[in-house]
Amino acid sequence: MTGPREAGRDRWRHAGQWILLDARFHLLAIGQALYQGISPRLDVTARRVLLPRMRLAAQERRPRAQVAEDFGRRWSVRVQPILGPASGAVLAVLGCYVPEGTELPEPPLVGGWEWHATPPGPDQQMRLYWSPDTFAVHGHPVPDGEEPHWWEAAQWLDEVVAGAHRADIQRVLETFQAAASDGLLIHSFAARTAQGARVHVRLAGRRDVDGAGPDRWFRGVSTRVENDGATPPAPSTAAVLDAAFAVSADPLCAIDTSYEHIYMTSANFAVLGIELPADRYLPKMAHPDDLPALRGFLKEAATRPAETIGPVTVRMATRGRRGWTRVTLVGTGMRLSASGPQHHVLCRVTPAVG
């Protein structure tokens, strides 16, 4: 039988553990234990002294620190909402309680992010807005200047997401884009810090289905997790891409032909001397006179997977100085998943001869 002392301890078994709930108050983490967005399964004390204050902090969009009494004991309670860096909307809430007089543990690093995607076209925008804590989660310094700070999505994929996870995260972003509802999506991946180290990040977010118009917003939070937290890319195009990028002696790139941007380059791509703008937008990179031929090549390649299309020779803007670099592309269409859209092309890019 459970004695009174053990029963009492069970009432406050989550004392001293930071609890992370998303904006719908679905459970994402208790201490180091990760959850998949289930209804909170918290101890009685947490439900009585912590949850009401977390809801109030979410309503007020500001942190709270209080002393509460329950079961004849006094508890120090601290809660803090995680706000969207662009909108200020509540993305999640952190909360913890300890016996009064006990020092609260340091809260985990939780960063808020908001992804803004407009329809493809000349004025398209695909930006990932990050809070300062999101930069810290990924191991990157906060840029200078006024907030909100952002990454162009293609640059983030190519420079921050590590290895085969780049193609896998591109697939996740397309899952967000195709989502008809605001269901919770959770995914873990490997990222590269500014110093080149490898860290593992877990994102949890939803599509905002309330907004009107063609623009789409996706909002959520990111946390640092242990080494086994990153979901290995499934044996699919993502894994094949990683192998191809690892062994190819020629520069490679992956192109989203819908948005006309490069989202993945091989390590030796830099030898071409091509200017890579942050948004990797091909109409900014290619000579205007060569853009129709490049688009025709990509359109044909995207619709003919596993076939070799090309070559096509185009002029691309030269890195660091004015002028153009002539390169030759050969490509093939690919899908990032069996049911995914067919608008991706893997290209081999080499200096033009003659």
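As a starting point, this report considers the structure included with it. Model, not experiment: these values are computed from the prediction.

Thoughts on the pairing of strand β10 (residues 185-192)
- Where burial is concerned, most of β10 is hidden: 6 out of the 8 residues are buried.
- Turn length for the β10-strand β11 (residues 198-208) hairpin, with the two strands adjacent in sequence and antiparallel, is 5 residues, and the turn residue Gly-196 shows positive phi of about 90°.

Re the environment of Asp-290
- Inspection of the secondary structure assignment puts Asp-290 in the loop between α7 (282-285) and α8 (291-302).
- For Asp-290, a relative accessible area of 13% puts it in the buried group.
- Each C-alpha atom, one on Asp-290 and one on Gly-88, is 43 Å from the other, the two residues being 202 residues apart in sequence.

Side note on α8
- Over its 12 residues, α8 runs 16 Å from end to end, which matches the ideal 16 Å to within 8%, given 1.5 Å per residue.
- All of the buried residues in α8 are Leu-291, Leu-294, Phe-297, Leu-298, Ala-301 and Ala-302. Around the axis of α8, the buried residues are gathered within 125° of arc, so they sit on the same side. Along α8, the residues that are exposed and aim more than 90 degrees away from the buried face are Pro-292 and Lys-299.
- Packed against the buried residues of α8 are β13 (252-256), α7, β15 (309-317), β16 (324-334) and β17 (344-351).

Some remarks on unusual backbone geometry
- In this chain, Glu-147 is followed by Pro-148 through a cis amide linkage whose omega measures 5°.
- Secondary-structure assignment places Pro-148 in the loop between α3 (132-138) and β9 (149-152).
- The omega torsion across Gly-310 and Pro-311 is 10°, close enough to zero to call that bond cis.
- Summarising the element assignment, Pro-311 is placed in strand β15.
- If you check the backbone angles, Phe-25 has positive phi at about 60° while not being a glycine.
- As for its position among the elements, Phe-25 is in the loop between β1 (19-22) and β2 (27-30).
- Phe-25 sits in the buried class, given a relative accessible area of 8%.
- Backbone geometry places Arg-280, a non-glycine residue, at a positive phi of 55°.
- You can see Arg-280 is positioned in the loop between β14 (261-265) and α7.

Thoughts on the sheet that holds strand β8 (residues 126-130)
- The sheet built from 6 strands is open, its strands ordered β9-β8-β7-β12-β11-β10 with antiparallel pairing. Every interior strand has two partners, whereas the edge strands, β9 and β10, have only one. Between one strand axis and the next, the sheet turns through 30° on average, direction left out of account.
- With 5 bridges connecting them, strand β7 (residues 110-117) and β8 associate as antiparallel partners. Bridged to Trp-115 within β8 is Leu-128.
- Packing against the sheet, helix α5 (residues 165-178) makes contact with β7, β8, β10, β11 and β12 (216-225), and its axis sits at approximately 150° to β10.

Brief notes about the pattern of salt bridges
- Under the defined criterion, the tally for this structure stands at 20 salt bridges.
- Notably, a salt bridge pairs Glu-69 with Arg-74, separated by 3.8 Å at the nearest N-O pair.
- We classify Glu-69 as exposed; its relative accessible area is 55%.
- Given the relative accessible area of 41%, Arg-74 is considered partly exposed.
- Measuring nitrogen to oxygen at the nearest pair gives 2.4 Å for the salt bridge that ties Arg-219 to Glu-114.

Focus on the sheet that holds β14
- With antiparallel pairing, 5 strands are arranged side by side in an open sheet as β14-β13-β17-β16-β15. Each end of this open sheet is capped by a strand with a single partner; those strands are β14 and β15. Between one strand axis and the next, the sheet turns through 35° on average, direction left out of account.
- Pairing of β13 with β17, which is carried by 5 bridges, proceeds in the antiparallel orientation. Bridge pairing in β17 places Cys-253 opposite Cys-347.
- Packed on one face of the sheet, α5 meets β13, β14 and β17 and runs near 145° to β14.
- Set on the sheet, α8 makes contact with β13, β15, β16 and β17; between it and β16 the angle comes to about 20°.

Cut-offs applied
Residues numbered from 1 in each chain as written. Predicted model: local features only at pLDDT ≥ 70, side-chain atom pairs only at ≥ 80, totals over all residues. Heavy atoms only, no water. Buried < 20%, exposed > 50% of the residue type's maximum accessible area, 1.4 Å probe, protein only. Helix = DSSP H or I, 4+ residues; strand = E, 2+ residues; numbered from the N terminus. Pairing = 2+ DSSP bridges. Expected span 1.5 Å × (residues − 1). Arc of directions from axis to C-beta. Contact = heavy atoms within 4.5 Å. Axes fitted to C-alpha atoms, helices over the stretch in contact; angles between N-to-C directions. Salt bridge = Lys/Arg side-chain N within 4 Å of Asp/Glu carboxyl O.

Purely geometric numbers; function is a separate question.
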